Amino acid sequence: MPTFPDVDTRDADAVSARIREHLWDIDPNGDIKLFEDVYALAGEMFRGEVGDFRPVDLKYHDYQHTLQASLCMAEILAGRHRAQATPSFTWRQCMIGMAAVLMHDSGYIQTAADGPGTGAKFTYTHVLRSAAVAASVLPKLGVNLAEIDMVVNAIRCTGARSNINSLPFVCDTDELIGMCVTTADYLGQMAADDYPEELEILYEELKESDDYVGTPVENRLFSSASDLIRKTSGFWRHFVLPKFESDFRQVHQFLAQPYPHGPNPYIDAVERNIEKINQRIATLAPESIDS
């Protein structure tokens with residue numbers, strides 16, 4: 001079975017080239033300078049080459065995850081354009097959407113003042129930190145204040161506890177961009193071939209954050225890596241999919257080939273991953289999963 005996606009998301013140049021293809025499907029003459037500038041800046045930030053930002057020190061919410069989400073976002077935008085969905089996005093709105101997804105996890109990147117530990121300790125605050133980072137760096141790339149509001153709203157949508165209905169969207173397209181970014185965030189990571197093997201790493205990030213804020217053991221979402229693994233199928237079935245159908249207005253359907261009833265490569269890849277996880281749970285003892 002071929003790997004998914006069919007571009008190496010560890011290769012920033014390959015991902016950038018594929019994203020350009022999707023964007024030019026929307027407008028072959030579109031000016032992608034803003035995308036290229038933000039893409040380059042995101043890479044520099046994750047590598048610790050900007051100001052006092054340190055290189056990202058996470059293995060789950062790393063640069064590859066941002067590339068996975070950004071690739072999925074570009075595919076959603078292109079699919080939405082092909083479907084002639086309304087309200088339509090302007091080219092500039094597409095660029096702002098790409099800027100938002102590229103910045104959506106920048107809050108995990110530590111600065112020199114953040115002290116010991118990894119960026120995982122900011123799990124519960126990384127959305128607000130990401131919004132603040134985006135608001136501080138994007139104006140230097142020509143993003144105006146109204147557009148910054150769009151980026152910030154889109155990033156705030158990605159929080160697992162976010163109430164989308166309470167966010168200060170200024171228009172329907174503003175809200176839809178946030179839904180596209182958040183859908184890409186979920187699907188980019190959960191559809192990746194190595195998602196089942198990454199769950200222990202995700203648990204360690206969550207544990208560090210719980211330790212950092214002093215969450216009592218009995219109040220934590222997951223008691224162990226095996227607990228997280230066992231709950232992953234339910235997370236997909238009873239949390240993510242319902243959000244796709246309601247809060248996010250089914251924008252995942254724009255990934256279907258063809259739209260709207262053709263196979264959806266991202267949803268199919270997640271389902272394969274959930275099956276792998278369920279098989280693992282069925283065959284391994286809990287202590288083996290934790291080891």
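Residues numbered from 1 in each chain as written. Predicted model: local features only at pLDDT ≥ 70, side-chain atom pairs only at ≥ 80, totals over all residues. Heavy atoms only, no water.

Caption draft 1: Molecular detail of helix 4 (residues 91-103). Given a rise of 1.5 Å per residue, 13 residues ought to cover 18 Å, and the 19 Å separating the end C-alpha atoms of helix 4 matches this to within 8%. For helix 4, a buried count of twelve out of 13 residues is recorded, marking the element as mostly surrounded by other parts of the structure. Of the residues making up helix 4, those classed as buried are Trp 91, Gln 93, Cys 94, Met 95, Ile 96, Gly 97, Met 98, Ala 99, Ala 100, Val 101, Leu 102 and Met 103. Taken together, the buried residues of helix 4 touch helix 1 (12-26), helix 2 (33-46), helix 3 (63-82), helix 5 (126-137), helix 6 (145-157) and helix 7 (172-190). (Helix = DSSP H or I, 4+ residues; strand = E, 2+ residues; numbered from the N terminus. Expected span 1.5 Å × (residues − 1). Buried < 20%, exposed > 50% of the residue type's maximum accessible area, 1.4 Å probe, protein only. Contact = heavy atoms within 4.5 Å.)

Caption draft 2: The arrangement of the packing of aromatic side chains in detail. For the coordinates displayed, the defined rule picks out twelve aromatic pairs. Considering the side-chain rings of Phe 35 and Tyr 39, the 5.3 Å spacing of their centres and the 50° angle between planes classify their relative orientation as tilted. With a gap of four residues between them, Phe 35 and Tyr 39 both fall in helix 2, about one helical turn apart. Residues Phe 35 and Tyr 39 agree in their burial class; the two are buried. Aromatic side chains Tyr 186 and Phe 244 sit 6.4 Å apart centroid to centroid with 70° between the ring planes, which places their arrangement in the edge-to-face category. Here Phe 244 lies in helix 9 (residues 225-245) and Tyr 186 lies in helix 7, a separation of 58 residues in the sequence. Like Phe 244, Tyr 186 is buried. An aromatic cluster is present here, built from Tyr 186, Phe 235, Trp 236, Phe 239, Phe 244 and Phe 248 joined pairwise through their rings. (Phe/Tyr/Trp six-rings, centres within 6.5 Å; stacked < 30°, edge-to-face > 60°.)

Caption draft 3: Main features of the layout of surface pockets. Roughly 1,000 Å³ of internal volume is contained in the largest pocket. Contributing to the lining of the largest pocket are 35 residues, with Thr 158, Gly 159, Ala 160, Arg 161 and Tyr 186 lying nearest its centre. Residue assignment for the lining of the largest pocket shows that the elements contributing at least two residues are helix 5, helix 7, helix 8 (195-213) and helix 9. (1 Å grid on protein atoms, 1.4 Å probe; cavity = no way out; pocket = protein on both sides within 12 Å on 5 of 7 lines; lining within 4 Å. Points joined across faces, edges and corners; volume = space filled by probe spheres on them.)

Caption draft 4: Local environment of the side chain of Lys 121. Position of Lys 121 relative to the elements: it lies in the loop between helix 4 and helix 5. Buried Lys 121, no salt bridge; nearest opposite-charge side chain is Glu 208, N-O distance 5.3 Å. There is a polar contact of 3.4 Å between the side chain of Lys 121 and the backbone oxygen of Asp 114. (Lys, Arg positive; Asp, Glu negative; His and termini not counted. Salt bridge = Lys/Arg side-chain N within 4 Å of Asp/Glu carboxyl O. Polar contact = N/O pair within 3.5 Å; in protein donor to acceptor, adjacent residues only side chain to side chain.)

Caption draft 5: Molecular detail of the side chain of Asn 153. With respect to the secondary-structure elements, Asn 153 resides in helix 6. Residues in contact with Asn 153, not counting those within four places in the same chain, are Leu 167, Pro 168, Phe 169 and Asp 174.

Caption draft 6: Molecular detail of a nonpolar patch on the surface. A contiguous nonpolar patch, built from Tyr 124, Tyr 212 and Val 213 and spanning about 300 Å² of accessible area, is present on the exposed surface. Position of Tyr 124 relative to the elements: it lies in the loop between helix 4 and helix 5. (Patch = residues over 30% accessible without salt bridge, like charges linked within 9 Å, V, L, I, M, F, W, Y side chains within 5 Å. Areas by Shrake-Rupley, 256 points an atom, 1.4 Å probe, with all protein chains shown as cover.)

Caption draft 7: Broad picture of empty space enclosed by the protein. Counted under the stated rule, the structure contains two cavities of 30 Å³ or more. Considered as a void within the structure, the largest cavity measures approximately 100 Å³ in volume. Taken together, Tyr 60, Asp 62, Gln 64, His 65, Gln 68, Gln 189, Ala 192, Asp 194, Tyr 195 and Glu 198 make up the full set of residues lining the largest cavity. For the lining of the largest cavity, the elements supplying multiple residues, two or more each, are helix 3 and helix 8. The element best represented in the lining of the largest cavity is helix 3, accounting for three residues. Here the residues of the lining of the largest cavity are counted per class, giving three nonpolar, four polar and three charged. For the second largest cavity, the full set of lining residues is Phe 4, Pro 5, Thr 9, Gln 68, Leu 71, Gly 188, Ala 191, Ala 192 and Tyr 266. (Nonpolar A, V, L, I, M, F, W, Y, C, P; charged D, E, K, R; others polar.)

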